[in-house]
Amino acid sequence: MEVKTSLLDNMIGVGDMVLLEPLTEESFIDNLRKRFDHSEIYTYIGSVVISLNPYKSLPIFTADKVEEYRNRNFYELSPHIYALADEAYRSLRDQDKDQCILITGESGAGKTEASKLVMSYVAAVCGKGQEVNKVKEQLLQSNPVLEAFGNAKTVRNDNSSRFGKYMDIEFDFKGDPMGGVISNYLLEKSRVVKQPRGERNFHIFYQLLSGASEDLLKKLKLDRDFSKYNYLSLDSATVNGLDDAANFRTVRNAMQIVGFMEDEVQSVLELVAAVLKLGNIEFKPESRVNGFDESRVKDKNDLKEMCELLGIEQSVLERAFSFRTVEAKMEKVSTTLNVAQAYYARDALAKNLYSRLFSWLVNRINESIKSKTRKKVMGVLDIYGFEIFEDNSFEQFIINYCNEKLQQIFIELTLREEQEEYIREGIEWTNIEYFNNAIICDLIENNQNGILAMLDEECLRPGNVTDETFLEKLNTVCAYHQHFESRRSKNSKFLTDHSLPHNCFRIQHYAGKVLYRVEGFVDKNNDLLYRDLSQAMYKANHSLMKLLFPEGNPAKVNLKRPPTAGFQFKASVGTLMKNLQTKNPNYIRCIKPNDKKAPHIFTESLVCHQVRYLGLMENVRVRRAGYAFRQPYEPCLERYKMLCKQTWPHWKGPAREGVEVLLTELQVSPEEFSYGRSKIFIRNPRTLFFLEEKRRQCLEDLATLIQKIYRGWKCRTHFLLLKKSQVVVAAWYRRYAQQKKYQKIRSSTIVVQSYIRGWKVGVRREYRKFFRANAGKKIYNFTIQRIVQKYFLGLKKTLPSMSPIDKTWPVRPYLFLDNTHKQLQRIFHLWRCKKYRSQFTDEKKSVYEEKLEASQLFKDKKTLYPSSVSQPFKGDYLDINKNPKYQKLSSAVEEKVLLADVVNKINRANGKGAPRVFLLTKSNFVLADQKTGQVKASVPLPDLSSVSVSTQSDGFFALKLKEGSASAAKGDFLLSSDHLIEIITKLHRTGAATTDQIGVDISDEFLVQFKQDKVCVKFVQGTLKNGGTAACKRKNNKLLEVSVPSP
Ligand SMILES: Nc1ncnc2c1ncn2[C@@H]1O[C@H](COP(=O)(O)OP(=O)(O)OP(=O)(O)O)[C@@H](O)[C@H]1O
Ligand SMILES: [Mg+2]
């Protein structure tokens, strides 16, 4: 289980000075000491880290510690520089805020060490990968290179940075380092030629002489013995705990990692060797005729070796040390140099050579670590610390000015800006007093009357300019400045101050008073190198030398003075300050516990002094009265909106109200925050951590959700792919399997086939004789059978309809079936007629019988017949039984009436017809009056002998009675009817059933017996008047003529 420690756990003193009670300077120092004694070198003031130099290695910078502080909240663990580095890195990575780590403190307080710790922590926690690791390694390895060339042992610090360094580490959007840019500030180059007592030249000289192989030394024409070199001080050539030889190997290795080529390293070392050689060149005076001394190189060996090293023509350099060419307005004047001037020229060359080499190194490193993409930046500032030496010169002045500026930015951002912000935001606030060093900065950098401006003015002034004239100028201009002190100033206050030598001025810096000796100020500010020298250097047959002295190119003679050192420095510091102000600052305030560079010693006065000038007490006070954290409403809402339902995912109203809703919802107690005009102020880090923790949890949930959906999608896509592939594989496999199976079956079939064929061949051979005899017949029979079968089956399908009158019949397919075909047609017809008949009822049958009889009687005999075929034989046309008109008549006729119709009885006298009801029963036929229904005649059928009709289409018929019968007395009847065929047929049938046949005569002339007379009825064809069917006319007594229409 993870054990959570806290700032408050196992605390020695208090980890955060904000919690100190009571807050006095005494308790503050006491707390620092208590913690220092327990090796707790880090203490917080809110988010500012105070770091005490332990002067011993502590087990708190291990990989385990890195892991412990990784991704933990600032106040969660005991104070550590890693906590600050982690906070800065996370805020850079997660919130896209550019960061800067400002490390301040005096020389030896531990700034450089702190900067390295920050860098190594960031390198350990940021992303990994081949490319990223290479970048990290290059960034880290730039340190040993720059330290070797830019650091030196001083009385204050065995590894004192003699240059200012600001490094931008560049990250991509993920927080992986992509590269960096290093800016260097004014190297203390005077150290190259002269070191104060107890101090050393830059490390690289000692490292080279101690660590180089014999071979290399030989190549560089060097001797391992330090004492052989004028530029190396001897009293502290070796430093305790510093292994120069080992460090040389480290540096060479680092140069290789950073990306230096072997020949580049060689060139660099040649230049270092050249500087040492240069220091050994000595001069002697040589009297000239004009009485002046001219300098001459004493022992030319070193000069020769140096020229060989750099590929310079010896005579050119030699001349440059004896003569100086001054160019003014197209004129060239050559003057001789005396010995002092020659030494000055030599040292100037050495200093320039070395400082330019250093700048080249920085640029070369920058080239290697240059990043392609740059999204976020973390700047680490490690500048030379504030220093007070016995003898302070221009360099210290510059270094201390830089520290003043840093203090200023600290004041600006933590004390002034913070307090002003509370007021601006309308938060209740009681002002806290602090010392603002802006006034000191102004003393130094003011463009009109600042010390640097005065110095520049002096340097540029024509006439006799010396360091003394510069001091005089200061004495006039700055006399009344509160922080400026000088013996000869117009301010009489210092006239008797014996601690102030005449050639010095003193500045009351924020960190203490520093006495500056003016000697060298003008020269160092001018930073002049005789043109003869730079031209000699440019002529060198050495690639690096040419690069370092571009102004020596005769083609680029520039008479303009280069900007002064002070001017350049002021400008670069100004740019740096502006740059720092755009980033989120993180402070590490380094404190030096003692002056002895020794562990376990806590010099209270020294610490107290630092605490005072660093303004740490004020820092605590502002912090205690104020709020630990502030943020504009918009980003605050954006960051925490997921913690409350009302604000997630979008808040519609003003951001401030959103934040209010959010904090109320989260039940943060009201004294924990204040609402400013544009920002929310959170009092305790605890509250911030609470919010952060909640956010973290919430983000985890959201991440899980996203993960879940993504995983689901991924699985599904994978599954679908698998499925698709499986289908393809299966299809191919099935194809393959089927192919195999088919091939197997095929080959088996071929085997079986071949066996069968073989067998058949055998069988055939054996049975061939039998086949010949029988096969033809069998095949014939079979074929015939098949044809007949096919014929029958085909016939079955193509049979004509069942109608007896349908004459169609399928075409005969084969000639040999002709007979059968005809027979079948006949049989089929008979069969369907039978079928047809079998449907008839008795009633219908008798109707057809009647019709059949009519056909037998009249077909082809009487023209009328065909028109009767379609008429049904209704029989009772009068509805005799039902019609009331004929009630009497029907009751008079006893038998069933077979036929009742109205007929015309032809009058023999005129041939006209009179309507009569004609009834036929089984035994009689009756004629009755149509109107009255009175029976006029009733004739038993046996009395009827025959019926006569014409062959024409008329309806006349004569009923002839048997002579001698009872009914014959009245004579025959000549009648006409529309239903002639039916009446005759029925009469015939009924007569046949009861008596003998009643004969039917069909002739166009017949005789009718009217009472006694026989009258001939004759049918003639003609045209009829009224379009009727027939007309009867009496021609004479014996003849009745019936006209019928011709067909
Ligand atoms: N955290 C630390 N642990 C152990 N020793 C330290 C630590 N910090 C500093 N030191 C010791 O103090 C010495 C001086 O530290 P450092 O070089 O960082 O000082 P500085 O502030 O950079 O000084 P300058 O301004 O002169 O460059 C180091 O060489 C080292 O011996
Ligand atoms: Mg340093």
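Residues numbered from 1 in each chain as written. Chains lettered and ligands numbered in written order. Predicted model: local features only at pLDDT ≥ 70, side-chain atom pairs only at ≥ 80, totals over all residues. Heavy atoms only, no water.

Let's shift gears to the sheet that holds strand β25 (residues 956-961). Strand order across the open sheet formed by 8 strands is β23-β22-β21-β20-β26-β25-β24-β27, with mixed pairing between neighbours. At either margin of the open sheet sits one strand with a lone partner, and together these are β23 (935-940) and β27 (999-1002). Between one strand and the next, the sheet's axes are offset by a mean angle of 30°, whatever the strand orientation. Here 2 bridges tie strand β20 (residues 899-906) to strand β26 (residues 973-976), and the two strands are oriented antiparallel to one another. (Pairing = 2+ DSSP bridges. Helix = DSSP H or I, 4+ residues; strand = E, 2+ residues; numbered from the N terminus. Axes fitted to C-alpha atoms, helices over the stretch in contact; angles between N-to-C directions.)

What follows covers the nonpolar core. In terms of nonpolar packing, the biggest core is built from 189 residues, with Phe 28, Phe 149, Phe 205, Leu 317 and Phe 505 touching the most fellow members. If you tally residues by element for this core, the top one is helix α13 (residues 339-369), at 15 residues. Counting residues in hydrophobic clusters, the runner-up holds 30 residues, among them Leu 864, Leu 944, Val 949 and Leu 959. (Core = buried A, V, L, I, M, F, W, Y, C linked by side-chain atoms within 4.5 Å. Buried < 20%, exposed > 50% of the residue type's maximum accessible area, 1.4 Å probe, protein only.)

The next point concerns the coordination of the magnesium ion (ligand 2). The protein atoms that coordinate the magnesium ion (ligand 2) are Thr 112 (OG1) and Ser 161 (OG), at distances of 1.8 to 2.0 Å. Separated by 49 residues along the polypeptide, Thr 112 in helix α4 (residues 111-125) and Ser 161 in strand β5 (residues 160-161) bring together distant segments of the chain. Each of the two residues, Thr 112 as well as Ser 161, counts as buried. (Donors = N, O, S within 2.8 Å, 3.2 Å for Na, K, Ca; no water.)

Strand order in the open sheet made by the 7 strands is β1-β2-β16-β3-β12-β6-β7, with mixed pairing throughout. The sheet terminates laterally at β1 (42-45) and β7 (177-185), the two strands that pair on one side only. Strand-to-strand twist of the sheet, defined as the mean angle between neighbouring strand axes without regard to direction, takes the value 20°.

Further remarks concern the pairing of strand β16 (residues 584-591). Of all the 8 residues making up β16, 6 are buried; the element is thus mostly covered by neighbouring parts of the structure. Pairing of strand β2 (residues 48-52) with β16, which is carried by 4 bridges, proceeds in the parallel orientation. The residue of β16 that forms the bridge with Ile 50 is Arg 589.

Sheet topology places β20 next to strand β21 (residues 913-920); 8 bridges connect them, and they run antiparallel. Paired with Lys 905 across the strands is Ala 914, a residue of β21. Hairpin connection, β21 to strand β22 (residues 924-929): the antiparallel pair is bridged by 3 residues.

As a structural note, the neighbourhood of ligand 1 is formed by 19 residues, with Asn 53, Ser 107, Lys 111, Thr 112 and Ser 160 the closest of them. For ligand 1, an oxygen atom lies 2.7 Å from a polar atom in the side chain of Lys 111. A distance of 3.3 Å separates an oxygen atom of ligand 1 from a polar backbone atom of Asn 159. The fraction of the free accessible surface of ligand 1 (620 Å²) that becomes covered by protein chains is 86%. Every element with two or more residues in the shell around ligand 1 is listed here: α4 and β5. Counting residues per element, the shell around ligand 1 draws most heavily on α4, which supplies 3 residues. (Near = heavy atom within 4 Å. Polar contact = N/O pair within 3.5 Å; in protein donor to acceptor, adjacent residues only side chain to side chain. Areas by Shrake-Rupley, 256 points an atom, 1.4 Å probe, with all protein chains shown as cover.)

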